[in-house]
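Okay, here's what each chain looks like letter by letter:
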There are 2 protein chains.
Amino acid sequence: MDTGDAFDPNCPTRLVLDRIGDKWSVLVLLSLADGSMRFTELRNRIGGVTPKVLTQTLRAMEGDGLLTRKVFAEVPPRVEYTLTELGHSLHGPVAAVTHWAEQNIGRIMESRAALDHTR
Amino acid sequence: MDTGDAFDPNCPTRLVLDRIGDKWSVLVLLSLADGSMRFTELRNRIGGVTPKVLTQTLRAMEGDGLLTRKVFAEVPPRVEYTLTELGHSLHGPVAAVTHWAEQNIGRIMESRAALDHTR
DNA sequence: CAGTATCCATAACGATACTG
DNA sequence: CAGTATCGTTATGGATACTG
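It should be emphasised that the depicted structure is a prediction, and the values quoted were computed from it without experimental measurement.

The rules behind each value
- Residues numbered from 1 in each chain as written.
- Chains lettered and ligands numbered in written order.
- Predicted model: local features only at pLDDT ≥ 70, side-chain atom pairs only at ≥ 80, totals over all residues.
- Heavy atoms only, no water.
- Contact = heavy atoms within 4.5 Å.
- Buried area = accessible area lost by both parts, 1.4 Å probe.
- Salt bridge = Lys/Arg side-chain N within 4 Å of Asp/Glu carboxyl O.
- Polar contact = N/O pair within 3.5 Å; in protein donor to acceptor, adjacent residues only side chain to side chain.
- Helix = DSSP H or I, 4+ residues; strand = E, 2+ residues; numbered from the N terminus.
- UniProt positions renumbered as here; feature names shortened; annotations may be inferred.
- Buried < 20%, exposed > 50% of the residue type's maximum accessible area, 1.4 Å probe, protein only.

A. Spotlight on the interface of chain B and chain A. Contacts between chain B and chain A engage 52 residues on the former and 53 residues on the latter. Between chain B and chain A the total buried area reaches about 4,800 Å² when both faces are included, carbon and sulfur atoms providing 67% of it. Taken together, the connections running from chain B to chain A amount to 2 salt bridges. Of the charged contacts in the structure, one is a salt bridge between R112 of chain A and D64 of chain B, with a shortest N-O distance of 2.5 Å. Run the count over chain B and chain A and you get 6 residue pairs in polar contact (both at pLDDT 80 or more). For the side of chain B that touches chain A, the elements supplying multiple residues, two or more each, are α1 (12-21), α2 (25-32), α4 (51-63) and α5 (85-115) of chain B. Residue contributions to the side of chain B that touches chain A peak at 21 residues, all from α5 of chain B.

Structure (structure tokens):
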């Protein structure tokens, strides 16, 4: 089995799960899957995210090599965020989870409601 | 595209991602994939988790219908946690992500180190 | 346009001790 | 055995205002 080291505190699973666990990284990944976007484009596409948090998310993903940040020396400034090959390769697995979520959210909501009276 | 509603605040993606985003849910899921386990078994298998947090995790997953909690009226008490069909169905997508993590953790670590001098 | 800076609220997580 | 209770720390995310 390849799940053994998932219980190691230093395991890769933890690191990646921490990344996709935050609210915004997955949304950035899905947004950029179609192509490059600028900061404000991302901000508009992903409703509810503040610039501070979006910046944090982008910097973290850049640090992990999931995307690149390209600054154009223009006025007004332009910054393009683009998924790397590594970032694209994560899209498939993440899409599998989001697809599962869409398929099964109904059952989850039913379970949440149904358990109340048994507790 | 089926990613549209991922940007809806009430979207299923958010709910599921919040669940697998916490440190322990995925480890519980992976642990129970092989079969039922008792509370203390889980606690020993998943190093570093406190009883309080493990209980919280199990209750949340039970509420979502991912696992069942069966209490045996015995002395000493025995409680078995078992993955539901729904829980098992989530194992595949999650395993895809953990597998990706194991395959690509090396590149992530390299990126983290390489970016330092460019900032 | 693309961010930074500052402050704040919350909650996730952990340590420890105790109980049906 | 399988939790619960209490307390404390820290990390995350958000609101708001300002800047190169």
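Next, the rest of the story.
B. Inspection of the UniProt feature "domain: HTH hxlR-type" (unreviewed entry) in chain A at higher detail. The UniProt record annotates "domain: HTH hxlR-type" (unreviewed entry) at residues 11-109 of chain A. Span residues 11-109 of chain A is 64% helix and 14% strand, its end C-alpha atoms 32 Å apart.

C. Representation of the pattern of salt bridges in the model. Counted under the stated rule, the structure contains 8 salt bridges over all chains. The salt bridge partner of E74 of chain A is R78 of chain A, with a shortest N-O separation of 3.1 Å. R78 of chain A sits in the partly exposed class, given a relative accessible area of 22%. A cluster of three or more residues bridged by salt bridges with shared partners is formed by R19 and D64 of chain A together with R112 of chain B.

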